[in-house]
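Tertiary structure, described
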Amino acid sequence: LWGDATDASTITTVSGSNDVDTWTNKVDPTVKLHGQSRKPSTGASINGLNAIDFDYSSQGVEQVQAKKNGSTNWSAASADGTVSGNYSEIAVFAVMQFDRLKQTAWPFGLGWGGHFTWNNGYIYHDTPNRIQFNYAAQNEPLVFSCYYSVAESTREFYKNGNLLSSATNTVVKSAGHFVFPNTWQQPDYTVGEIMMIRGSMTDATRQKTEGYLAHKW
């Protein structure tokens, strides 16, 4: 999966508004992130570049969900995009900021328990057991990245290329439907770019991807 808010050709809006109707996956254009009943809006900014604003209000959570060919739920974690089967290695990258530090749950359709973040700015990752660490300040632009690998017995969480926390215990997980954000509680994010890459990843490849995002944003 690769969503890039700076590429205007990948974003369609509801007529007469900035509400995002679809955000196209640059790896596979048959997969689009579809705005739900409450849609995020394009036209936000991270360091002067276009970004997408996912707000929470009393009316609910603004969300996108991934669909292939307009109707079939799609997973970034499975080999063929179907919402079935398991995954054991995946990396996630996002240029984003936490607009308000509220109670949230993990997005991305990876089946992770915990919070992304909690109202204290901490990330909690509960799969298979809890690790927690101070991650973000409110309205702080950053490059989030993480790597989860059963084969390498590691789960690693980075901020701007710096390792903040890791653990050696992992489990095979079910590939779920990609949604962003999770609608539990009060997520409020601005997002510039999201990448999800299946399979094993070397430190060099991770650093190269983080470097690309940091240099651009």
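Okay, so let's go over this structure.

Time to look at the pairing of strand E9 (residues 64-68). Taking burial as the measure, the five residues of E9 include four buried ones, the bulk of the element. Where strand E4 (residues 31-35) and E9 come together, five bridges link them in antiparallel fashion. Considered in E9, the bridge of histidine 34 is made with glutamine 65. If you look at the hairpin formed by E9 and strand E10 (residues 72-73), you'll find three residues sitting between the two strands, and asparagine 69 has a positive phi there, around 55°.

Another aspect to go through is the side chain of lysine 67. For lysine 67, the location among the structural elements is in strand E9. Here lysine 67 occupies a buried position and makes no salt bridge, while the nearest side chain of opposite charge, aspartate 21, is found at 12 Å. In terms of polar contacts, lysine 67 uses its side chain to reach the side chain of asparagine 73, at 2.6 Å. Every residue in contact with lysine 67, bar those within four places of it in the chain, is listed here: Thr30, Val31, Lys32, His34, Thr72, Asn73 and Trp74.

Bringing the packing of aromatic side chains into the picture now. Evaluated as defined, the whole model comprises 20 aromatic pairs. An angle of 85° between the planes, with centres 5.2 Å apart, marks the rings of tryptophan 106 and tryptophan 112 as edge-to-face. The same class applies to tryptophan 106 as to tryptophan 112, namely buried. Its end group placed over the ring of tryptophan 2, lysine 26 keeps NZ or CZ at 4.5 Å from the ring centre. When the ring centre of tyrosine 135 is taken as reference, the NZ or CZ atom of lysine 159 above it lies at 5.9 Å.

The subject of this paragraph is the environment of arginine 198. Mapped onto the elements of the fold, arginine 198 is located in strand E21 (residues 189-198). Given the relative accessible area of 39%, arginine 198 is considered partly exposed. The sequence separation of arginine 198 and asparagine 47 amounts to 151 residues, and the corresponding C-alpha distance is 29 Å. Apart from residues lying up to four places away in sequence, arginine 198 is in contact with Ala76, Ala77, Ser78, Ala79, Glu89 and Ile90. Side-chain polar atoms of arginine 198 contact the backbone oxygen of alanine 77, separated by 2.8 Å. At a separation of 3.3 Å, a polar atom in the side chain of arginine 198 contacts the main-chain carbonyl oxygen of serine 78.

Phenylalanine 116 connects to threonine 117 through a cis peptide bond whose omega is -5°. Assignment of secondary structure puts threonine 117 in the loop between strand E13 (114-116) and strand E14 (122-125). Backbone torsion omega between phenylalanine 180 and proline 181 reads -10°, so that peptide bond is classified as cis. With respect to the helices, strands and loops of the structure, proline 181 is situated in the loop between strand E20 (179-180) and E21. Here asparagine 69, not a glycine, exhibits a phi torsion of approximately 55°, which is positive. With respect to the secondary-structure elements, asparagine 69 resides in the loop between E9 and E10. For asparagine 69, a relative accessible area of 59% puts it in the exposed group. Of note, the phi angle at glutamine 185 is positive, near 65°, even though the residue is not glycine. Residue class for glutamine 185 comes out partly exposed when judged on its relative accessible area of 33%.

Rules behind the numbers
Residues numbered from 1 in each chain as written. Predicted model: local features only at pLDDT ≥ 70, side-chain atom pairs only at ≥ 80, totals over all residues. Heavy atoms only, no water. Buried < 20%, exposed > 50% of the residue type's maximum accessible area, 1.4 Å probe, protein only. Helix = DSSP H or I, 4+ residues; strand = E, 2+ residues; numbered from the N terminus. Pairing = 2+ DSSP bridges. Lys, Arg positive; Asp, Glu negative; His and termini not counted. Salt bridge = Lys/Arg side-chain N within 4 Å of Asp/Glu carboxyl O. Polar contact = N/O pair within 3.5 Å; in protein donor to acceptor, adjacent residues only side chain to side chain. Contact = heavy atoms within 4.5 Å. Phe/Tyr/Trp six-rings, centres within 6.5 Å; stacked < 30°, edge-to-face > 60°. Lys NZ or Arg CZ within 6 Å of the ring centre and 35° of its normal.

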